[in-house]
Amino acid sequence: MIEKILPSRVAVAEALSDPSDAPLFPGEEELIRNAVESRRKEFTTARWCARRALGALGLAPVPILRGERGAPIWPGGVVGSMTHCTGYRAAVVARREDVLSVGVDAEPHEPLPDGVHEAIALATEQRRERELRDVSPEIHWDRLLFSAKESVYKAWFPLTHRWLGFEQADIVLRSNGTFTAELLISATEPDRTPGATATPTGFHGRWLVADGLVATAIAVENEPDMPTG
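What counts and how
- Residues numbered from 1 in each chain as written.
- Predicted model: local features only at pLDDT ≥ 70, side-chain atom pairs only at ≥ 80, totals over all residues.
- Heavy atoms only, no water.
- Pairing = 2+ DSSP bridges.
- Helix = DSSP H or I, 4+ residues; strand = E, 2+ residues; numbered from the N terminus.
- Axes fitted to C-alpha atoms, helices over the stretch in contact; angles between N-to-C directions.
- Contact = heavy atoms within 4.5 Å.
- Parallel < 35°, antiparallel > 145°, perpendicular 65-115°, else oblique.
- Left-handed = near helix turned anticlockwise from the far one by under 90°.

(A) Examining the sheet that holds strand β2 (residues 78–85) more closely. Taken together, the three strands give an open sheet; going across it, the order is β1-β3-β2, and neighbouring strands pair in antiparallel fashion. The sheet is open, and its two edges are formed by β1 (11–15) and β2, each paired on a single side. Neighbour to neighbour, the strand axes of the sheet diverge by 10° on average, direction disregarded. When β2 meets strand β3 (residues 88–95), the two strands line up antiparallel, connected through eight bridges. Within β3, the residue paired with threonine 83 across the bridge is alanine 90. The sheet strands contacting helix α2 (residues 37–56) are β1, β2 and β3, and the helix crosses β3 at an angle near 35°.

(B) Focus on the packing of helix α4 (residues 123–135) against helix α5 (residues 141–160). Relative to each other, α4 and α5 sit at 135°, their axes nearing to 10 Å. One finds that α4 runs oblique with respect to α5. For the element pair α4 and α5, the recorded crossing hand is right-handed. For the pair formed by α4 and α5, the contact residues are Glu125, Glu129, Leu132 and Arg133 on the first element and Trp141, Asp142, Leu145 and Lys149 on the second.

The following block contains the structure:
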């Protein structure tokens, strides 16, 4: 599903169930030693997808460990993102020479739990959502907004190595399957941190609703279409 909203230079692997023979690689078991069974399954299958996606780029399978703030550690010269929700797991990867950063997220296409929307949505976003519901009431725009913010963070962090809160991204969802994100970063914050390669001020993304899921994706290609500071 997610490959429909990503450029062809991004390799995608998906799973609708958890294969019983998917292995964990050295170092991965330690990351979920105390996890419940459902968490073990989504963790294992997401990494199984990641190794399949790496294989599509002609790269050998490797452990996918966690780095700063839990972000996946990809092989040198590779960028990627993983997502999982009930009934769906996916991983996407690309060569850094083609794509600077990528962020994907999948969610069940259903309303957010009580209280979550108010916690993550800006007043401007809530106003635009009301307008979108009048046009396309079949879409759960609150869940789509949440997913878009997740994809924004996943694309942002590898570029900046900085935290980004829900309130620091103003998402404009469009009914044509696209969205933009304006990053509301204080001018007093540093432009760069160790390990950062760029400091974006905005992203362009795409979204899709299909098969009971909502998916969002951002790919910052190496011929950038995003403003940077």
